[in-house]
Amino acid sequence: MVFHAIAIWLLVASVPLWVYRWVVYVGLNARERAIFRRLVTSRAESAFRFGARMFGFLVVLASAVMLLVYTLRYLKQGSIEIGVFKQTVRGRLYSGMDPVDQALNSYHYEQSLPIAVLTTCLLLSVAFTLVAAALRDISILGRLRRKLKKLQTRLGTEMPT
């Protein structure tokens, strides 16, 4: 449940970050946009690759934790029973809207535990990738504007567009 809440808050946080990134990007002239695109493609890792790496890391981490828990359960009880997610995790994240809660129940909480863990890892990796990519782009845009402003003041002229 904690991971679901973190993913939801990251998704909520990504919306204003992407809006701000878009506003700053639109404020650039054509030359600055070309420089920004070149910087992002040449220096930064693609968001898809970063998300795939994040997803792989989360799956490996979740698998290791599940393996540890089920190994300890087997040593204690002598059996391994992989049940439904709602039997294992008692706490749930409710939105307060009935259609959304019903969809969460049927598509997530009533799935088998490994499938529910994979969907949670996918949601976390997508949410974190959205936030990280927006923050990276905002940082690059800020540094680009500062460097171009410094260059303009050093040359004493305005840069042509």
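If you're wondering where the values come from, they're calculated on a predicted model, not measured in any experiment. (Residues numbered from 1 in each chain as written. Predicted model: local features only at pLDDT ≥ 70, side-chain atom pairs only at ≥ 80, totals over all residues. Heavy atoms only, no water.)

Enquirer: Give me the lowdown on the pattern of salt bridges, citing residues and values where you can.
Expert: Inspection of every chain in the model, using the stated rule, returns two salt bridges. Notably, a salt bridge pairs R21 with D137, separated by 2.8 Å at the nearest N-O pair. Residue R21 is located in helix α1 (residues 2–26), and its partner D137 is located in helix α6 (residues 113–155); the two are separated by 116 residues in the primary sequence. The closest approach of N and O atoms between R136 and D137, which form a salt bridge, is 3.0 Å. Among the residues examined, R136 registers a relative accessible area of 24% and is labelled partly exposed. Within the structure, one salt-bridge network assembled from shared partners comprises R21, R136 and D137. (Salt bridge = Lys/Arg side-chain N within 4 Å of Asp/Glu carboxyl O. Helix = DSSP H or I, 4+ residues; strand = E, 2+ residues; numbered from the N terminus. Buried < 20%, exposed > 50% of the residue type's maximum accessible area, 1.4 Å probe, protein only.)

Enquirer: Tell me what's going on with a positive patch on the surface, and back it up with residues and numbers.
Expert: Residues R43, R143, R146, K147, K150 and R154 make up a contiguous surface patch of positive charge. Examining the composition of the positive patch, we find that five residues originate from one element, α6, more than from any other. Within the element layout of this structure, R154 appears in helix α6. Residue class for R154 comes out exposed when judged on its relative accessible area of 66%. (Patch = residues over 30% accessible without salt bridge, like charges linked within 9 Å, V, L, I, M, F, W, Y side chains within 5 Å. Areas by Shrake-Rupley, 256 points an atom, 1.4 Å probe, with all protein chains shown as cover. Lys, Arg positive; Asp, Glu negative; His and termini not counted. Charge placed at Lys NZ, Arg CZ, Asp CG, Glu CD.)

Enquirer: An account of a nonpolar patch on the surface is requested, with residue identities and associated values reported.
Expert: Together, V15, V19, W22, V23 and V26 make up a nonpolar patch on the protein surface, roughly 470 Å² of accessible area in all. For V23, the location among the structural elements is in helix α1.

Enquirer: An account of the packing of helix α2 (residues 30–43) against α6 is requested, with residue identities and associated values reported.
Expert: Between α2 and α6, the shortest axis-to-axis distance is 11 Å and the interhelical angle comes to 130 degrees. Taken together, the axes of α2 and α6 are oblique relative to one another. Considering only the axes of α2 and α6, their crossing is right-handed. Mapping the contact onto sequence places E32, I35, F36, L39 and V40 in α2 and R136, D137, I140, L141, L144 and L148 in α6. Among the residues forming the contact of α2 with α6, the class breakdown is eight nonpolar, no polar and three charged. (Axes fitted to C-alpha atoms, helices over the stretch in contact; angles between N-to-C directions. Parallel < 35°, antiparallel > 145°, perpendicular 65-115°, else oblique. Left-handed = near helix turned anticlockwise from the far one by under 90°. Contact = heavy atoms within 4.5 Å. Nonpolar A, V, L, I, M, F, W, Y, C, P; charged D, E, K, R; others polar.)

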